Amino acid sequence: MSERPRFTKPNRHRPEPLWHQAEQAIRTLITSGEWASGAQIPNEERLCDLLGVSRITIRHALRNLEDSGLLSREHGRGTFVRRATVVAGARGLTSFTEEMANLGLNVGSRLLDIQIVPADAEAAAALEIEPGAPVVSLRRLRLGNNQPIGIQTAHLPESRVPGILEEARNIHSLYEFLKIRYGIAPVEAREIYRLGTVTQEDAELIQLPAGSPAFVVARTAFDRAGPFEFTVSTMRGDRYEIRSILYI
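All residue numbers refer to position in the chain's written sequence, counted from 1. Selection of residues for local features in this predicted model requires a pLDDT of at least 70, selection of side-chain atom pairs for listing and counting requires 80 or more, and totals for whole chains, interfaces and linings are taken over all residues. Derived side-chain values reflect all non-hydrogen atoms in the structure, with water molecules and hydrogen atoms excluded from consideration.

Asks: So what's going on with the nonpolar core? Residues and values would help.
Replies: Within the largest apolar cluster, 20 residues are counted, with the highest numbers of intra-cluster contacts made by Phe7, Ile26, Trp35, Leu47 and Leu51. At the level of elements, helix 1 (18-31), helix 2 (44-51) and helix 3 (55-67) are the ones that each hand at least two residues to this core. Under the DSSP-based scheme used, a helix requires at least four consecutive residues in state H or I and a strand at least two consecutive residues in state E, with every element numbered from the N terminus. It is helix 1 that provides the largest number of residues to this core, a total of five residues. What makes two residues a contact is simply this: any of their non-hydrogen atoms within 4.5 Å. In contact with leucine 51, not counting residues within four places along its chain, are Phe7, Thr8, Lys9, Pro10, Ala22, Ala25, Ile26 and Ile58. Definition used in this section: a nonpolar core is a set of buried Ala, Val, Leu, Ile, Met, Phe, Trp, Tyr and Cys residues joined via side-chain atoms within 4.5 Å. Relative accessibility under 20% of the residue-type maximum defines a buried residue, over 50% an exposed one, and the middle range a partly exposed one, all with a 1.4 Å probe and only protein chains included. Counting 17 residues, the second largest nonpolar core, distinct from the first, contains Val136, Leu138, Ile164 and Ala168.

Asks: Now, about the packing of helix 1 against helix 3: what can you tell me, with residues and values included?
Replies: Their axes nearest at 8 Å, the elements helix 1 and helix 3 cross at an angle of 55°. When the interaxial angle is binned, helix 1 and helix 3 end up oblique. The two elements helix 1 and helix 3 cross, and the hand of that crossing is right-handed. Residues Leu18, Trp19, Ala22, Glu23, Ile26 and Arg27 of helix 1 form the contact with helix 3, whose own contacting residues are Thr57, His60, Ala61, Leu62, Asn64 and Leu65. Counted by class, the contact of helix 1 with helix 3 contains seven nonpolar, three polar and two charged residues. Axes, fitted as lines to C-alpha atoms, cover a helix only where it is in contact. Angles between the N-to-C directions of the axes lie from 0 to 180 degrees. Oblique is the label for any angle not under 35 degrees, not over 145, and not in the 65 to 115 range, which are roughly parallel, roughly antiparallel and roughly perpendicular in turn. Note: crossing handedness is left-handed where the near helix turns anticlockwise from the far helix by less than a right angle, and right-handed where it turns clockwise. Three residue categories are used. Nonpolar comprises Ala, Val, Leu, Ile, Met, Phe, Trp, Tyr, Cys and Pro, charged comprises Asp, Glu, Lys and Arg, and polar comprises the others, including Gly.

Asks: Which residues make up the packing of aromatic side chains, and what are the values?
Replies: Stacked, edge-to-face and tilted are the three classes for Phe, Tyr and Trp ring pairs, Trp counted by its six-membered ring, which pair at centre distances within 6.5 Å; planes under 30 degrees apart are stacked, over 60 edge-to-face, the rest tilted. Within the structure shown, the criterion is met by two aromatic pairs. With a centroid separation of 6.0 Å and 65° between ring planes, the pair formed by tyrosine 175 and phenylalanine 228 is classed as edge-to-face. Placement of tyrosine 175 in helix 7 (residues 174-182) and of phenylalanine 228 in strand 9 (residues 226-236) is noted, with a sequence separation of 53 residues between them. Classification of phenylalanine 228 as buried rests on a relative accessible area of 2%.

Structure below.
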């Protein structure tokens, strides 16, 4: 971390609240890499001095950044830049790529395998097709800030995505690709979260010992014609969180 970070100071003449401007200034230092993963950031008093705002404003900004998964406050030690973490909670229907980008993570993806396979019973039920019907199986390693977040295997009915095997290496965001190439746009998705473990097959790729805790997430996505995607994701338990707000 540099001696004096290159902040864009909040401007009281701008329409955005000062806490929002302060939040964006700190977020920029994190996402740009100037404040690296695991680094301790200046304390509240120092941030007030650097940004020229009150402690209440700084606390509001820090709380938002902590809630979004970018910062972690440790009692008695200070506030640190969190390692790449995806925080799932109440949100709109987005692709994994959009979700990570919204959290300020640099998204990455590595194609592991793509092939046409017979749909197993679980995929067939989710996609509302006959067991054994051909589906495209797309397996990818998902990265956030160049660190492994999880492994996703998407199943798509072959009849809806003809020719996708030849274009697989051009896929960055699956939803964006499907919309542009096939006119498939999601309108609804259903997810089921289960506690699982990292398999021996995935251990080296996800950089955890086999048997480590993981979230196993099954998503079925629908467009106006019906289900078009069934994806099973194994997400690192230390880099994926679920947060909820409860009301009386």
